[in-house]
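Below are the chains, spelled out letter by letter.
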Amino acid sequence: PQFDYPYIDLWKDAFFRKEISVDEAFIEESKFSFIKVSYKKNDAIFILSSVNHDGVYTWVGSNYELIKTYNGLILESSGLFPDTSIHASDQSKITSTKFQEPSYSFYLDIDEPELLSLPVNYILKSKEVSQDKLVVSFERSSTIIGWVAQDKYWYQNGLIVRSEISITPLEPSIKIEFYYRY
């Protein structure tokens, strides 16, 4: 006999990681550029939906979740928990400088818990080459709430290939791996 106890699934979800393995076969079968997002105990695949004239990439998940990135920096997320968005008095400073300036200031909106227009400073901490990848580290901080976090970006041949980003003070970092199809 087969038993179906939903609480067993809840128990498994609480203690085990839902991991997606992206191997060469997975990459070859994909018809579109995609990202693998690792957050808490789950992995998800998002497909590239569009790239705007500023180089902002829009990625869509299987349940229409949305992540907008620029050179690995998450500018906006929707349909996730929590949803966030970055806005600046001069948004083009981030995109026009190719995210290569030593510091930025912007505002962060978070929907849960609600926190609007949190001033955030973003300061370049290091740039180094490791295993043929450029690794760039930024410190993300807000003195208003005493938040300090470190974000890392890995670039290969001028393209972002991985990022680890702390998008809110109360949640762990999001890890993103980028896979491109041309």
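Fair warning: this is a prediction, and the values are worked out from it, not measured in the lab.

**What about the overall build of the chain?**
Then step 1. Scanning the chain from terminus to terminus reveals three helices and 12 strands.
Then step 2. Looking at the chain as a whole, 37% of its 182 residues are labelled buried.
Then step 3. Here the analysis covers contacts within the chain between residues at least 6 apart in sequence; of these, 35% occur between residues at least 24 apart.
Then step 4. A total of about 10,900 Å² of accessible surface is found on the chain, and carbon and sulfur atoms cover 52% of it.

**A short note on the sheet that holds strand S5 (residues 73-78)**
Then step 1. What the 12 strands build is a closed barrel, ordered S1-S2-S3-S4-S5-S6-S7-S8-S9-S10-S11-S12; its pairing is antiparallel. Between one strand axis and the next, the sheet turns by 30° as a mean value, whatever way the strands run.

**Focus on the pattern of salt bridges**
Close approach of charged atoms lets side chains of opposite charge pair.
Then step 1. Tallied over the entire structure, the rule returns five salt bridges.
Then step 2. For aspartate 43, the salt bridge goes to lysine 36, with nearest N and O atoms at 3.5 Å. Lysine 36 carries the same exposure label as aspartate 43, and that label is buried.

**Points about the packing of aromatic side chains**
Then step 1. This model, assessed by the stated rule, comprises eight aromatic pairs.
Then step 2. Taking 6.5 Å as the distance between ring centres and 15° as the angle between the ring planes, the aromatic pair formed by phenylalanine 178 and tyrosine 180 counts as stacked.
Then step 3. One Lys or Arg, arginine 162, reaches over the ring of tryptophan 154 and ends 4.3 Å from the middle of that ring.

**Observations regarding the side chain of serine 166**
Then step 1. Along the chain, serine 166 falls in the loop between strand S11 (159-165) and strand S12 (174-179).
Then step 2. For serine 166, the contacting residues outside a window of four places in its chain are Arg140, Trp147, Ala149, Asp151 and Ser173.

**With respect to the pairing of S11**
Then step 1. A large share of S11 lies buried, amounting to five of its seven residues.
Then step 2. Between strand S10 (residues 147-156) and S11, which pair antiparallel one after the other, the connecting turn spans two residues, and asparagine 157 there sits at a positive phi close to 55°.
Then step 3. The pairing of S11 with S12 spans four bridges and is classified as antiparallel. Pairing of isoleucine 165 across the sheet is with isoleucine 174, part of S12.

**Some details on unusual backbone geometry**
Phi is mostly negative for residues that are not glycine, and the peptide bonds are mostly trans.
Then step 1. Omega for the peptide link from glutamate 112 to proline 113 comes to -5°, which places this bond in the cis form.
Then step 2. With respect to the helices, strands and loops of the structure, proline 113 is situated in the loop between strand S7 (103-111) and strand S8 (114-130).
Then step 3. Located in the positive-phi region is serine 117, a residue other than glycine, with phi close to 55°.
Then step 4. Secondary-structure assignment places serine 117 in strand S8.
Then step 5. Positive phi outside glycine occurs at asparagine 157, with the angle close to 55°.

**As for the environment of isoleucine 167**
Then step 1. Mapped onto the fold, isoleucine 167 is located in the loop between S11 and S12.
Then step 2. Judged by relative accessible area, which is 4%, isoleucine 167 ranks as buried.
Then step 3. When the C-alpha atoms of isoleucine 167 and isoleucine 110 are compared, they prove to be 8.8 Å apart, with 57 residues separating the residues in sequence.
Then step 4. Isoleucine 167 has contacts with Ile74, Pro82, Thr84, Leu108, Arg140, Trp147 and Ile174, leaving out every residue within four places of it along the chain.

What counts and how
Residues numbered from 1 in each chain as written. Predicted model: local features only at pLDDT ≥ 70, side-chain atom pairs only at ≥ 80, totals over all residues. Heavy atoms only, no water. Helix = DSSP H or I, 4+ residues; strand = E, 2+ residues; numbered from the N terminus. Buried < 20%, exposed > 50% of the residue type's maximum accessible area, 1.4 Å probe, protein only. Contact = heavy atoms within 4.5 Å. Areas by Shrake-Rupley, 256 points an atom, 1.4 Å probe, with all protein chains shown as cover. Pairing = 2+ DSSP bridges. Axes fitted to C-alpha atoms, helices over the stretch in contact; angles between N-to-C directions. Salt bridge = Lys/Arg side-chain N within 4 Å of Asp/Glu carboxyl O. Phe/Tyr/Trp six-rings, centres within 6.5 Å; stacked < 30°, edge-to-face > 60°. Lys NZ or Arg CZ within 6 Å of the ring centre and 35° of its normal.

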